[in-house]
Amino acid sequence: MEKNVLTLPGGLSLSYIEGGSGHPLVMLPGWSQTASGFAAQFGAFSKVARVIAVDHRGHGDSENAPAGYRIQRLARDLDEFLAVMGLGSFDLLGHSMGCSVIWSYMSMFGRARAPRKIVLADQAPAVVAQADWTEQQIADAGCLFPSFDALNGFEQAVRGAETPDAHKELIRGMFSAETHDGVLNQIASENLKLPRAHAAHLLHDHCVLDWRTEIQQIRVPTLVIGGEASIFSAQSQRWIASQIPGAQVEIFEADQGGSHFMFVNNPERFNARVAAFLSA
(Lines give C-alpha, C1' and ligand atoms only; values in the text may rest on other atoms or scores of the structure.)
Protein backbone atom coordinates (compact mmCIF):
# COMPACT_ATOMS: atom_id res chain seq x y z
CA MET A 1 0.00 0.00 0.00
CA GLU A 2 1.20 3.52 -0.75
CA LYS A 3 0.08 6.79 0.82
CA ASN A 4 -0.32 9.64 -1.64
CA VAL A 5 -1.64 13.19 -1.76
CA LEU A 6 -3.90 14.65 -4.43
CA THR A 7 -4.76 18.33 -4.87
CA LEU A 8 -8.33 19.21 -5.81
CA PRO A 9 -9.08 22.05 -8.29
CA GLY A 10 -9.72 24.51 -5.45
CA GLY A 11 -6.33 23.76 -3.90
CA LEU A 12 -7.36 21.42 -1.07
CA SER A 13 -5.01 18.46 -0.57
CA LEU A 14 -6.52 15.05 0.20
CA SER A 15 -4.52 12.11 1.47
CA TYR A 16 -5.31 8.61 0.26
CA ILE A 17 -3.92 5.08 0.49
CA GLU A 18 -3.77 3.00 -2.68
CA GLY A 19 -2.81 -0.55 -3.60
CA GLY A 20 -3.74 -3.54 -5.69
CA SER A 21 -4.91 -3.70 -9.27
CA GLY A 22 -8.14 -4.18 -11.14
CA HIS A 23 -11.40 -2.26 -11.12
CA PRO A 24 -11.09 0.74 -8.73
CA LEU A 25 -12.76 0.53 -5.33
CA VAL A 26 -12.93 3.88 -3.52
CA MET A 27 -13.46 3.52 0.24
CA LEU A 28 -14.86 6.35 2.37
CA PRO A 29 -14.44 6.29 6.17
CA GLY A 30 -17.03 7.49 8.65
CA TRP A 31 -17.18 10.58 10.84
CA SER A 32 -13.73 11.40 12.31
CA GLN A 33 -12.38 8.09 10.93
CA THR A 34 -9.42 7.78 8.58
CA ALA A 35 -8.33 5.65 5.66
CA SER A 36 -6.02 3.73 8.00
CA GLY A 37 -9.11 2.30 9.69
CA PHE A 38 -9.53 0.03 6.66
CA ALA A 39 -6.14 -1.60 7.29
CA ALA A 40 -7.69 -5.06 7.66
CA GLN A 41 -9.45 -4.69 4.30
CA PHE A 42 -6.54 -3.79 2.04
CA GLY A 43 -5.02 -7.26 1.79
CA ALA A 44 -8.28 -8.94 0.83
CA PHE A 45 -9.67 -6.24 -1.45
CA SER A 46 -6.41 -5.58 -3.30
CA LYS A 47 -6.63 -9.14 -4.64
CA VAL A 48 -9.77 -8.24 -6.56
CA ALA A 49 -9.55 -4.45 -7.03
CA ARG A 50 -7.42 -1.34 -7.18
CA VAL A 51 -8.16 -0.14 -3.66
CA ILE A 52 -8.22 3.59 -2.85
CA ALA A 53 -9.10 4.72 0.69
CA VAL A 54 -9.56 8.47 1.08
CA ASP A 55 -9.20 10.76 4.10
CA HIS A 56 -12.01 13.34 4.00
CA ARG A 57 -11.00 17.00 4.32
CA GLY A 58 -9.62 17.67 7.80
CA HIS A 59 -9.49 13.95 8.57
CA GLY A 60 -6.38 11.84 8.89
CA ASP A 61 -3.53 13.25 6.83
CA SER A 62 -5.70 15.39 4.55
CA GLU A 63 -5.43 19.17 4.70
CA ASN A 64 -7.13 20.76 7.70
CA ALA A 65 -9.37 23.13 5.76
CA PRO A 66 -10.91 26.07 7.67
CA ALA A 67 -14.41 25.29 6.36
CA GLY A 68 -16.45 22.84 4.31
CA TYR A 69 -17.35 20.37 7.05
CA ARG A 70 -20.69 19.45 5.56
CA ILE A 71 -21.82 16.27 3.81
CA GLN A 72 -22.58 18.12 0.58
CA ARG A 73 -19.05 19.55 0.47
CA LEU A 74 -17.50 16.13 1.17
CA ALA A 75 -19.54 14.71 -1.71
CA ARG A 76 -18.25 17.44 -4.00
CA ASP A 77 -14.73 16.70 -2.79
CA LEU A 78 -15.33 13.07 -3.79
CA ASP A 79 -16.53 14.07 -7.26
CA GLU A 80 -13.47 16.26 -7.76
CA PHE A 81 -11.19 13.51 -6.43
CA LEU A 82 -12.62 11.00 -8.90
CA ALA A 83 -12.18 13.47 -11.76
CA VAL A 84 -8.57 14.30 -10.93
CA MET A 85 -7.78 10.59 -10.50
CA GLY A 86 -9.32 9.97 -13.93
CA LEU A 87 -11.69 7.30 -12.63
CA GLY A 88 -14.46 6.86 -15.18
CA SER A 89 -15.60 3.52 -13.77
CA PHE A 90 -15.32 2.63 -10.10
CA ASP A 91 -17.05 1.07 -7.10
CA LEU A 92 -17.81 2.92 -3.86
CA LEU A 93 -17.71 1.60 -0.30
CA GLY A 94 -18.79 3.80 2.58
CA HIS A 95 -18.89 3.18 6.30
CA SER A 96 -21.21 5.17 8.56
CA MET A 97 -20.99 8.82 7.50
CA GLY A 98 -19.20 7.61 4.37
CA CYS A 99 -22.58 6.21 3.29
CA SER A 100 -24.13 9.66 3.67
CA VAL A 101 -21.38 11.06 1.47
CA ILE A 102 -22.27 8.42 -1.14
CA TRP A 103 -25.97 9.27 -0.93
CA SER A 104 -25.18 12.96 -1.39
CA TYR A 105 -22.80 12.16 -4.24
CA MET A 106 -25.44 10.04 -5.97
CA SER A 107 -28.00 12.83 -5.61
CA MET A 108 -25.75 15.49 -7.12
CA PHE A 109 -23.37 13.63 -9.45
CA GLY A 110 -24.72 10.11 -9.87
CA ARG A 111 -26.08 10.63 -13.37
CA ALA A 112 -22.88 12.07 -14.77
CA ARG A 113 -20.45 9.72 -13.00
CA ALA A 114 -22.25 6.74 -11.47
CA PRO A 115 -20.38 3.98 -9.65
CA ARG A 116 -20.60 0.43 -10.98
CA LYS A 117 -21.44 -0.98 -7.52
CA ILE A 118 -22.00 0.40 -4.02
CA VAL A 119 -21.32 -1.08 -0.59
CA LEU A 120 -23.11 0.65 2.30
CA ALA A 121 -21.77 -0.35 5.72
CA ASP A 122 -24.06 0.60 8.59
CA GLN A 123 -25.49 4.08 8.31
CA ALA A 124 -29.01 5.04 9.36
CA PRO A 125 -31.15 6.80 6.74
CA ALA A 126 -31.91 9.43 9.41
CA VAL A 127 -30.02 9.77 12.72
CA VAL A 128 -32.41 12.10 14.58
CA ALA A 129 -36.10 11.29 15.03
CA GLN A 130 -38.59 13.97 14.04
CA ALA A 131 -41.35 14.85 16.50
CA ASP A 132 -44.18 13.86 14.16
CA TRP A 133 -42.76 10.51 13.02
CA THR A 134 -44.52 7.25 13.88
CA GLU A 135 -42.74 4.47 15.77
CA GLN A 136 -42.52 2.54 12.50
CA GLN A 137 -40.86 5.47 10.71
CA ILE A 138 -38.36 5.90 13.53
CA ALA A 139 -37.53 2.20 13.52
CA ASP A 140 -37.10 2.01 9.74
CA ALA A 141 -34.93 5.14 9.76
CA GLY A 142 -32.70 3.68 12.49
CA CYS A 143 -32.69 6.93 14.49
CA LEU A 144 -29.94 7.02 17.10
CA PHE A 145 -31.08 10.22 18.80
CA PRO A 146 -34.71 10.67 19.91
CA SER A 147 -34.50 14.47 19.61
CA PHE A 148 -32.32 17.38 18.58
CA ASP A 149 -31.63 18.05 22.25
CA ALA A 150 -30.07 14.60 22.52
CA LEU A 151 -27.93 15.31 19.46
CA ASN A 152 -26.82 18.63 20.93
CA GLY A 153 -25.76 16.87 24.11
CA PHE A 154 -23.56 14.49 22.15
CA GLU A 155 -22.08 17.38 20.17
CA GLN A 156 -21.01 19.02 23.41
CA ALA A 157 -19.44 15.76 24.54
CA VAL A 158 -17.50 15.62 21.27
CA ARG A 159 -16.18 19.15 21.76
CA GLY A 160 -14.98 18.24 25.24
CA ALA A 161 -13.33 14.93 24.37
CA GLU A 162 -9.97 16.31 23.31
CA THR A 163 -7.74 13.45 24.51
CA PRO A 164 -7.53 9.86 23.23
CA ASP A 165 -8.77 8.51 26.57
CA ALA A 166 -11.80 10.79 26.59
CA HIS A 167 -12.66 10.17 22.95
CA LYS A 168 -12.19 6.43 23.39
CA GLU A 169 -15.06 6.39 25.87
CA LEU A 170 -17.31 8.19 23.37
CA ILE A 171 -16.78 5.54 20.72
CA ARG A 172 -16.43 2.41 22.88
CA GLY A 173 -20.09 1.46 22.46
CA MET A 174 -19.68 1.40 18.69
CA PHE A 175 -17.44 -1.67 18.92
CA SER A 176 -17.91 -5.20 20.21
CA ALA A 177 -17.36 -5.50 23.96
CA GLU A 178 -14.23 -7.63 23.52
CA THR A 179 -12.45 -4.99 21.43
CA HIS A 180 -9.02 -4.43 22.96
CA ASP A 181 -8.27 -1.02 24.48
CA GLY A 182 -5.16 -0.81 22.32
CA VAL A 183 -7.33 -0.86 19.20
CA LEU A 184 -9.65 1.78 20.63
CA ASN A 185 -6.70 3.96 21.64
CA GLN A 186 -5.25 3.81 18.13
CA ILE A 187 -8.58 4.65 16.52
CA ALA A 188 -9.23 7.48 19.00
CA SER A 189 -5.82 9.00 18.24
CA GLU A 190 -6.56 8.91 14.51
CA ASN A 191 -10.00 10.46 15.10
CA LEU A 192 -8.49 13.42 16.94
CA LYS A 193 -6.59 14.48 13.83
CA LEU A 194 -9.88 16.18 12.95
CA PRO A 195 -10.14 19.21 15.28
CA ARG A 196 -13.04 18.77 17.67
CA ALA A 197 -14.75 22.01 16.63
CA HIS A 198 -14.81 20.81 13.01
CA ALA A 199 -15.86 17.35 14.20
CA ALA A 200 -18.85 18.73 16.09
CA HIS A 201 -19.89 20.92 13.17
CA LEU A 202 -19.70 18.01 10.73
CA LEU A 203 -21.49 15.70 13.16
CA HIS A 204 -24.42 18.11 13.38
CA ASP A 205 -24.75 18.46 9.62
CA HIS A 206 -24.46 14.71 9.16
CA CYS A 207 -27.04 13.82 11.80
CA VAL A 208 -29.81 16.27 10.86
CA LEU A 209 -30.09 15.00 7.27
CA ASP A 210 -32.79 12.58 6.11
CA TRP A 211 -31.69 10.40 3.19
CA ARG A 212 -34.76 8.19 2.74
CA THR A 213 -36.01 9.69 -0.53
CA GLU A 214 -32.48 9.79 -1.99
CA ILE A 215 -31.91 6.14 -1.11
CA GLN A 216 -35.09 5.26 -3.02
CA GLN A 217 -33.60 6.76 -6.21
CA ILE A 218 -30.54 4.48 -6.31
CA ARG A 219 -30.43 2.13 -9.29
CA VAL A 220 -26.94 0.72 -8.85
CA PRO A 221 -26.16 -2.82 -7.62
CA THR A 222 -25.84 -2.38 -3.87
CA LEU A 223 -24.74 -4.42 -0.86
CA VAL A 224 -25.98 -3.20 2.54
CA ILE A 225 -24.16 -4.42 5.66
CA GLY A 226 -25.36 -4.00 9.25
CA GLY A 227 -25.01 -5.55 12.69
CA GLU A 228 -27.44 -6.82 15.30
CA ALA A 229 -25.41 -5.05 18.02
CA SER A 230 -24.79 -1.81 16.11
CA ILE A 231 -25.80 1.67 17.23
CA PHE A 232 -28.03 1.61 14.13
CA SER A 233 -30.72 -1.04 14.04
CA ALA A 234 -30.49 -4.00 11.70
CA GLN A 235 -34.06 -3.13 10.75
CA SER A 236 -32.87 0.15 9.26
CA GLN A 237 -30.30 -1.66 7.12
CA ARG A 238 -32.92 -4.09 5.86
CA TRP A 239 -35.14 -1.09 5.08
CA ILE A 240 -32.37 0.48 2.98
CA ALA A 241 -31.93 -2.73 1.00
CA SER A 242 -35.69 -3.01 0.49
CA GLN A 243 -35.76 0.43 -1.16
CA ILE A 244 -33.04 -0.29 -3.76
CA PRO A 245 -34.08 -2.70 -6.51
CA GLY A 246 -32.05 -5.91 -6.35
CA ALA A 247 -30.01 -4.81 -3.32
CA GLN A 248 -28.40 -7.46 -1.14
CA VAL A 249 -28.22 -7.26 2.66
CA GLU A 250 -25.82 -8.88 5.14
CA ILE A 251 -26.47 -8.61 8.88
CA PHE A 252 -23.75 -9.69 11.30
CA GLU A 253 -25.03 -11.39 14.44
CA ALA A 254 -24.15 -9.82 17.80
CA ASP A 255 -21.77 -12.67 18.69
CA GLN A 256 -20.16 -12.52 15.24
CA GLY A 257 -18.74 -9.02 15.50
CA GLY A 258 -22.04 -7.38 14.62
CA SER A 259 -21.13 -3.92 15.89
CA HIS A 260 -21.12 -0.60 14.08
CA PHE A 261 -17.51 -1.44 13.21
CA MET A 262 -18.11 -4.98 11.97
CA PHE A 263 -15.21 -4.62 9.52
CA VAL A 264 -12.92 -4.18 12.53
CA ASN A 265 -14.55 -6.76 14.80
CA ASN A 266 -15.01 -9.45 12.12
CA PRO A 267 -12.83 -8.52 9.16
CA GLU A 268 -12.72 -12.05 7.73
CA ARG A 269 -16.48 -12.23 7.19
CA PHE A 270 -16.73 -8.61 6.06
CA ASN A 271 -13.89 -8.94 3.58
CA ALA A 272 -15.15 -12.20 2.10
CA ARG A 273 -18.69 -10.87 1.65
CA VAL A 274 -17.60 -7.61 0.04
CA ALA A 275 -14.99 -9.27 -2.19
CA ALA A 276 -17.60 -11.77 -3.42
CA PHE A 277 -20.04 -8.95 -4.19
CA LEU A 278 -17.46 -6.91 -6.09
CA SER A 279 -16.27 -9.93 -8.08
CA ALA A 280 -19.73 -11.17 -9.11
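Residues numbered from 1 in each chain as written. Predicted model: local features only at pLDDT ≥ 70, side-chain atom pairs only at ≥ 80, totals over all residues. Heavy atoms only, no water.

> How should the environment of F81 be read in this particular structure?
By the secondary structure assignment, F81 is in helix α2 (residues 71-85). For F81, a relative accessible area of 1% puts it in the buried group. Sequence separation between F81 and I215 is 134 residues; the distance between their C-alpha atoms is 23 Å. Not counting residues up to four positions away in its chain, the partners in contact with F81 are L6, L8, L14, Y16, I52 and V54. (Helix = DSSP H or I, 4+ residues; strand = E, 2+ residues; numbered from the N terminus. Buried < 20%, exposed > 50% of the residue type's maximum accessible area, 1.4 Å probe, protein only. Contact = heavy atoms within 4.5 Å.)

> Which parts of the structure should I look at to understand the environment of Q137?
For Q137, the location among the structural elements is in helix α4 (residues 135-141). Placed 77 residues apart in sequence, Q137 and G60 show a C-alpha to C-alpha distance of 35 Å. Setting aside residues no more than four positions away along its own chain, Q137 makes contact with D132 and R212.

> What should I look at first to understand the sheet that holds strand β4 (residues 50-54) in this one?
Picture the strands of a sheet paired through backbone hydrogen bonds; they go either parallel or antiparallel. Overall, mixed pairing links the eight strands, which are arranged β1-β2-β4-β3-β5-β6-β7-β8 in an open sheet. Edge positions in the open sheet fall to β1 (2-7) and β8 (248-252), since each of these has one partner strand only. With direction set aside, neighbouring strand axes in the sheet form an average angle of 20°. As paired elements, strand β3 (residues 24-28) and β4 share four bridges and run parallel to each other. Considered in β4, the bridge of M27 is made with A53. Seen against the sheet, α2 touches β1, β2 (13-20), β3, β4 and β5 (91-95) and runs at an angle of roughly 55° to β2. Set on the sheet, helix α3 (residues 97-109) makes contact with β3, β5 and β6 (118-121); between it and β5 the angle comes to about 135°. (Pairing = 2+ DSSP bridges. Axes fitted to C-alpha atoms, helices over the stretch in contact; angles between N-to-C directions.)

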